[in-house]
Amino acid sequence: MPKDGIARRKKAESLVFAALILLSLFWLIDTVYDTIIVGMKCACDMGISHVLEAGTHFVLLVVQVLLIVYVRRHVRESRRLERETEMAAARAYDEKAKSAKAEKEIRELNGALERRAADLAAKNRELEAFSYSLSHDLNTPLTKISVAVQALQDSYADRLDETGRFFIRSIVEGSERMEELIDAMLVLARIARRELRREEVDLSALAVGVVSDLRQAEPQRRVEPVITPGLSATGDPALLRVVLQNLFANAWKYTRQTPEPRVEFGAVEHLGTTTYYVRDNGAGFEMKDLDRLFKPFQRLHDQEHFPGTGIGLATVQRIIERHGGSITAHGVPDHGATFTFTLG
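**Notes on helix 5 (residues 237-254)**
Taking 1.5 Å per residue as the helical rise, helix 5 with its 18 residues ought to reach 26 Å, and the 26 Å between its terminal C-alpha atoms agrees with that figure. Residues of helix 5 that are buried include every one of Pro237, Leu239, Leu240, Val243, Leu244, Leu247, Phe248, Asn250, Ala251, Trp252, Lys253 and Tyr254, and no others.

**A look at the packing of helix 4 (residues 203-217) against helix 5**
At a minimum axis distance of 9 Å, the contact between helix 4 and helix 5 shows a crossing angle of 50 degrees. Relative to helix 5, the element helix 4 lies oblique. Between helix 4 and helix 5 lies a crossing whose hand is right-handed. Contacts between helix 4 and helix 5 involve Leu203, Leu206, Ala207, Gly209, Val210, Val211, Asp213, Leu214 and Arg215 from the former and Pro237, Leu240, Arg241, Leu244, Gln245, Phe248, Ala249 and Trp252 from the latter. For the contact of helix 4 with helix 5, the residue count by class is 12 nonpolar, two polar and three charged.

**Quick notes on the packing of aromatic side chains**
According to the stated counting rule, one finds four aromatic pairs in the structure shown. Measuring from centroid to centroid gives 5.9 Å for phenylalanine 166 and phenylalanine 167, while their planes differ by 50 degrees, and the two rings are tilted. What makes phenylalanine 167 partly exposed here is its relative accessible area of 49%. Taking the centre distance of 5.5 Å and the plane angle of 25 degrees together, the rings of tyrosine 276 and phenylalanine 341 count as stacked. Linking tyrosine 276 in strand 5 (residues 273-280) with phenylalanine 341 in strand 7 (residues 337-341), this pair joins segments that are 65 residues apart in sequence. An identical accessibility class is assigned to tyrosine 276 and phenylalanine 341; each is buried.

**Focus: the sheet that holds strand 2 (residues 224-227)**
The strand order 2-4-5-7-6 describes an open sheet built from five strands, whose pairing is mixed. Here the strands that pair on one side only, and so sit at the sheet edges, are strand 2 and strand 6 (327-331). Each strand axis lies, on average, 20 degrees off the axis of its neighbour in the sheet, ignoring direction. Bridge count between strand 4 (residues 262-270) and strand 5: eight bridges; the pairing is antiparallel. Paired with valine 268 across the strands is threonine 275, a residue of strand 5. Most of the contacts of helix 4 go to strand 2, to which it runs at about 170 degrees, and overall it touches strand 2, strand 4 and strand 5.

**Let's talk about the pattern of salt bridges**
Across all of its chains, the model carries 10 salt bridges by this definition. Of the charged contacts in the structure, one is a salt bridge between glutamate 218 and arginine 221, with a shortest N-O distance of 4.0 Å. For arginine 221, a relative accessible area of 12% corresponds to the buried category. Taking the shortest distance from any N to any O, the salt bridge between arginine 279 and glutamate 264 comes out at 3.2 Å. One end of the pair, arginine 279, is in strand 5; the other, glutamate 264, is in strand 4, with 15 residues separating them in the sequence. Note on glutamate 264: relative accessible area 18%, which makes it buried. Among the charged side chains, a salt-bridge network with shared partners connects Glu224, Arg262, Glu264 and Arg279.

**As for helix 7 (residues 312-322)**
Looking at helix 7, one finds that the buried residues are Gly312, Leu313, Ala314, Thr315, Val316, Ile319 and Ile320. Backbone geometry just after helix 7 places glycine 324 at a positive phi near 80 degrees.

**Brief notes about the packing of helix 5 against helix 7**
The geometry of helix 5 relative to helix 7 is characterised by a closest axis approach of 9 Å and an angle of 145 degrees between their N-to-C directions. As for how helix 5 packs across helix 7, the hand of that crossing is left-handed. Along the contact surface, helix 5 presents Leu239, Val242, Val243, Asn246, Leu247 and Asn250, while helix 7 presents Gly312, Leu313, Thr315, Val316, Ile319 and Ile320. A class-by-class count of the residues in the contact of helix 5 with helix 7 yields eight nonpolar, four polar and no charged.

**With respect to the nonpolar core**
Leu203, Leu244, Leu247, Phe248, Phe265, Phe339 and Phe341 are the most contacted members of the largest nonpolar core, which totals 36 residues. Every element with two or more residues in this core is listed here: helix 4, helix 5, strand 4, strand 5, helix 7, strand 6 and strand 7. Ranked by the residues each element gives to this core, the list is headed by helix 5, at eight residues. With near-sequence residues (within four places) excluded, phenylalanine 339 lies in contact with Leu247, Asn250, Tyr276, Tyr277, Val278, Leu293, Phe294, Leu313, Thr328 and Ala329.

**Thoughts on the confidence of the model for the protein**
Across the protein, the average pLDDT comes to 78, with 70% of residues at or above 70. Here residues 42-46 is a poorly scored stretch, pLDDT under 50, and it has two contacts once near neighbours within four places are set aside; other chains count.

**Some remarks on the side chain of threonine 255**
Assignment of secondary structure puts threonine 255 in the loop between helix 5 and strand 4. In this structure threonine 255 comes out as buried when scored by relative accessible area, which is 0%. Apart from the residues within four sequence positions on either side, threonine 255 is in contact with Arg221, Pro261, Arg262, Asp280, Asn281 and Gly282.

Criteria and cut-off values
- Residues numbered from 1 in each chain as written.
- Predicted model: local features only at pLDDT ≥ 70, side-chain atom pairs only at ≥ 80, totals over all residues.
- Heavy atoms only, no water.
- Helix = DSSP H or I, 4+ residues; strand = E, 2+ residues; numbered from the N terminus.
- Expected span 1.5 Å × (residues − 1).
- Buried < 20%, exposed > 50% of the residue type's maximum accessible area, 1.4 Å probe, protein only.
- Axes fitted to C-alpha atoms, helices over the stretch in contact; angles between N-to-C directions.
- Parallel < 35°, antiparallel > 145°, perpendicular 65-115°, else oblique.
- Left-handed = near helix turned anticlockwise from the far one by under 90°.
- Contact = heavy atoms within 4.5 Å.
- Nonpolar A, V, L, I, M, F, W, Y, C, P; charged D, E, K, R; others polar.
- Phe/Tyr/Trp six-rings, centres within 6.5 Å; stacked < 30°, edge-to-face > 60°.
- Pairing = 2+ DSSP bridges.
- Salt bridge = Lys/Arg side-chain N within 4 Å of Asp/Glu carboxyl O.
- Core = buried A, V, L, I, M, F, W, Y, C linked by side-chain atoms within 4.5 Å.
- pLDDT = per-residue confidence, 0-100.

The structure is reproduced here in structure tokens:
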């Protein structure tokens, strides 16, 4: 009901109640006068008819008082119910407004998600095109350069002086370096597009296999590996092997100038979350360079002493994030580095 209609109704009820009170007062005065004052004056000659009349007036008086009390209570109850009805209507209106707002927000979120999905699909297509360009469009001319330089070196080596041979070596080394970078970028692109296959993975066994491969690649190295047995996680076995392979290879490389190299793999439990770590006692790094550590092609050490593509830790971070986890590192120059990561 509109507010002005409710106000008019309350005003009408008040007027009716006031009129009823006035009529009741007049009736009460008349009754009191007839039953008491007149009765006292005529008590001496009052017959049975007068007694009956007085009694009737008294009963009517009691009924009138009860009627006034009842009407008053009825009016109060009616107003209370009206107030509750108004409050319920206001709450219903607020709930409806909130529901409409929530529905609008949900529609907006759905639209944003659809746009986000479309953007991701477009970026995936661009990444696939970029990968194709790397594997074909760039490799083809690079192969031609390598073949031409090799032919030049084989056919005209005796005609070149030391400067000419230096230029040829520079071209060959640059071509090989370029091929390594292209291959590393292709690995990173494939990992971004690869579908996750989750299962229970024995990380300790993977670490043992990675260490065995590193020892075969550099049999002259004497590195002490410390691998905690029984470590496991849920994830993609192939991708988790890439994670451990890059982290162990990183530690293996940066302990090359350490007298007693040591690489550890373990885990700690805190508040229901398992945090894995790979620790070494190698070259370490400055903590101010932490933001650069996981960016592609960002190297913290010189290429001559510690060769590499600068893509390994970026690959590790991409895999960890695809598993719903995170990775960070702590290092001290000449005292080693510790990489810690979680898996969702």
